[in-house]
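Fold and geometry: a report
The lines below spell out each chain.
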Amino acid sequence: MKLSLPILLLGSSRALGFVQQPLKVAQASTSTSFDTPPSYREELVSLHKSLVEIPSISNDENEVGNFLVDYLTARGFVVQLEFLPPPTNTSEPTKPRFNVVAWPGPDTHPSPKVLVTSHIDTVPPFIPYSQNGTSLDADTLIAGRGTVDAKASVAAQIVALQSLLDSGSIDGADIMVLYVVGEETLGDGMQYFSNTKDKMDPPLNIKAAIFGEPTEGRLVCGHKGIFGCDITVTGRAGHSGYPSLGKSANEVLMRGLVRALDTDLGSSEEFGNTTVNVGLLSGGVAANVIPEKATARIAGRVAIGPESDGGQIVTDRLKEVLRSVDEEAFAFDCKYGYGVIKCDCDVEGFETTTVNYGTDVHHLQGNHTRYLYGPGTIFVAHGPDEAIKLGDMEKAVENYKKLILHALES
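The model shown is predicted, which means the values in this text are computed figures rather than measured ones. (Residues numbered from 1 in each chain as written. Predicted model: local features only at pLDDT ≥ 70, side-chain atom pairs only at ≥ 80, totals over all residues. Heavy atoms only, no water.)

Moving on, we get to the packing of aromatic side chains. Going through the model one piece at a time under the given rule, you end up with five aromatic pairs. Considering the side-chain rings of Phe67 and Tyr71, the 6.0 Å spacing of their centres and the 35 degrees angle between planes classify their relative orientation as tilted. Highlighted residues: Phe67 and Tyr71, both in helix α2 (residues 62–74), separated by four residues, approximately one helical turn. Phe67 sits in the partly exposed class, given a relative accessible area of 21%. (Phe/Tyr/Trp six-rings, centres within 6.5 Å; stacked < 30°, edge-to-face > 60°. Helix = DSSP H or I, 4+ residues; strand = E, 2+ residues; numbered from the N terminus. Buried < 20%, exposed > 50% of the residue type's maximum accessible area, 1.4 Å probe, protein only.)

A few words on the sheet that holds strand β7 (residues 141–143). Across the sheet, which stays open at both edges, the three strands sit in the order β6-β7-β20 with antiparallel pairing between neighbours. At either end of the open sheet lies a strand with only one pairing partner, and these are β6 (130–131) and β20 (387–389). Across three bridges, the pairing between β7 and β20 is antiparallel. Note on β20: the bridge partner recorded for Ala143 is Ala387. (Pairing = 2+ DSSP bridges.)

So, about the nonpolar core. One finds Ile210 and Leu403 to be the most contacted residues of the largest nonpolar core, which totals 58 residues. Setting aside residues no more than four positions away along its own chain, Leu403 makes contact with Ile210, Leu219, Val347, Phe350, Tyr371 and Tyr373. Counting residues in each nonpolar core, the second largest holds 24 residues, with Val220, Ile341, Cys343 and Leu364 among its members. (Core = buried A, V, L, I, M, F, W, Y, C linked by side-chain atoms within 4.5 Å. Contact = heavy atoms within 4.5 Å.)

Time to look at the packing of helix α3 (residues 151–166) against helix α7 (residues 390–409). Between α3 and α7, the shortest axis-to-axis distance is 8 Å and the interhelical angle comes to 55 degrees. It follows that α3 is oblique to α7 by the angle criterion. When you trace α3 past α7, the crossing you get is right-handed. For the pair α3 and α7, contact is made by Ala152, Ser153, Ala156, Gln157, Val159, Ala160, Ser163 and Leu164 and by Met393, Ala396, Val397, Tyr400, Lys401, Ile404 and Leu405, respectively. Looking at the contact of α3 with α7 residue by residue, the class counts come to 11 nonpolar, three polar and one charged. (Axes fitted to C-alpha atoms, helices over the stretch in contact; angles between N-to-C directions. Parallel < 35°, antiparallel > 145°, perpendicular 65-115°, else oblique. Left-handed = near helix turned anticlockwise from the far one by under 90°. Nonpolar A, V, L, I, M, F, W, Y, C, P; charged D, E, K, R; others polar.)

Here we take up the state of the cysteines. Per the stated rule, a full pass over the model turns up two disulfides. There is a disulfide in this structure between Cys221 and Cys345, and the S-S distance comes to 2.1 Å. Note on the Cys221 and Cys345 pair: the S-S dihedral is about 95 degrees, so by sign convention the disulfide is right-handed. Of this pair, Cys221 sits in strand β10 (residues 219–223) while Cys345 sits in the loop between β17 (341–342) and β18 (352–355), and the two are 124 residues apart along the sequence. (Disulfide = S-S within 2.5 Å.)

Bringing the confidence of the model for the protein chain into the picture now. Scored by pLDDT, the protein chain has a mean of 91; 90% of the residues are at 70 or more. Across residues 9–33, where pLDDT falls below 50, the model places 59 contacts with residues more than four positions away in sequence or in other chains. (pLDDT = per-residue confidence, 0-100.)

So, on to empty space enclosed by the protein. In this approach a probe as big as a water molecule rolls over the atoms, and the regions it shows empty are the leftover space. What the rule picks out here adds up to one cavity of 30 Å³ or more. In this structure, the largest cavity occupies an estimated 60 Å³ of space. In this structure, the largest cavity is lined by Thr117, Ser118, His119, Glu183, Met190, Phe211, Gly212, Glu213 and Asp360. Mapped onto the lining of the largest cavity, the elements with two or more residues apiece are β5 (114–119) and β9 (208–212). When the residues that make up the lining of the largest cavity are grouped by side-chain class, the tally is two nonpolar, four polar and three charged. (1 Å grid on protein atoms, 1.4 Å probe; cavity = no way out; pocket = protein on both sides within 12 Å on 5 of 7 lines; lining within 4 Å. Points joined across faces, edges and corners; volume = space filled by probe spheres on them.)

Glancing now at the environment of Ala152. As for its position among the elements, Ala152 is in helix α3. Sequence separation of Ala152 and Leu51 is 101 residues, and the distance between their C-alpha atoms is 8.9 Å.

Right, let's get into the pairing of β5. The buried fraction of β5 is high, at six of six residues. Residues Val114, Val116 and Ser118 line one face of β5 and the alternating positions Leu115, Thr117 and His119 line the opposite face, and both faces are buried. Bridge count between β5 and strand β8 (residues 175–180): six bridges; the pairing is parallel. By the bridge assignment for β8, Thr117 is matched with Leu178. Sheet topology note: the β5/β9 ladder contains four bridges and is parallel. Paired with Val114 across the strands is Ala208, a residue of β9.

Our next topic: the layout of surface pockets. Within this model, the largest pocket holds a volume of roughly 1300 Å³. What lines the largest pocket is a set of 39 residues, among which Glu183, Glu184, Thr185, Leu186 and Gly187 lie closest to the centre. Counting residues per element, the ones that place at least two in the lining of the largest pocket are α4 (188–196) and β16 (330–338). Each residue belonging to the lining of the largest pocket can be placed in one class, and the counts come to 15 nonpolar, 16 polar and eight charged. Quantified by volume, the second largest pocket comes out at close to 440 Å³. Among the secondary structure elements, those contributing two or more residues to the lining of the second largest pocket are β11 (225–234), β14 (275–283), β15 (293–302) and β16. With five residues, β14 is the largest single contributor of residues to the lining of the second largest pocket. Residue classes in the lining of the second largest pocket are distributed as seven nonpolar, four polar and five charged.

Below, the structure written as structure tokens:
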């Protein structure tokens, strides 16, 4: 007998509902040994392949989101679509963007204890799915955009959760999954979920959240914060043959950035030094004209706390350093930032680490325990050789099961 489980469509102002019938139930997983292939191997590979084959560069996640809706509904989950407001900075038509929120049915008013989450967007460009060899084993290498960051986490989380449900190890009412858009840009998917979770019925009140990112199979104790600034320098134009008649905005900007790169903007024993990446530079109008304007866009990785103010502390230090080169020439537009993020890593059986990249952990506000874990390495994510071994994903399935059980029991 088929169960009728609703998909809930949530926009910024009202909810719309329709019913989609489950298609089938996933088979139970009984193997936890790596000496023989786990029973879920084919399901894991199939799910991961389907996710990776669908391009989902940030702001274009609609198709992969719809795939997840069908996949989860077919396995007895209630699925809620949380639509983000449409962009206001473009006149081009765009497909709706939505987070996928789901929980084991049939209850339509969940009260989960643990949230399992990752993101379904990727960085550009799209790289097609491929795998080496014709047979599957732990050393099978699977390549393509998102194979690591973060569709390996998405696939492993879902298979792990289904395995726990099939074995009766957990109560489905205790778990919710969330797959967000926009993590690779501004984190707008998770921020929107965080800002609207109190409007759920009942309001969401989780005690733990498990975030999926490539951590090389280690449990992360924390990661660096981040800040970003647009910097504008105003000089005075003039003939390049008479430098004293003008002020070169390019020269002032370069001297300031070099000084900032050579300055300790904040460091800690656990996270090392705060680093600055000068991503974009622009200035001047011609080679024989003293530049009147110069701009730079920078991003920094913050190695100090607190979480709420660490980014602001570093930004203030940066401004002080740049103004020491020229008190009047610099203008700043620094729009976001936070300090180091601490996560719980006291779980038996896991190696631990810290990482330098940013995640959605900060964007989910609330008084909950935070875990950060996933398969694959960040060192190939975002690059042309993004790839992961099947054995690493299978290990992640087992470790996600451990983390879910630990979070529920803690």
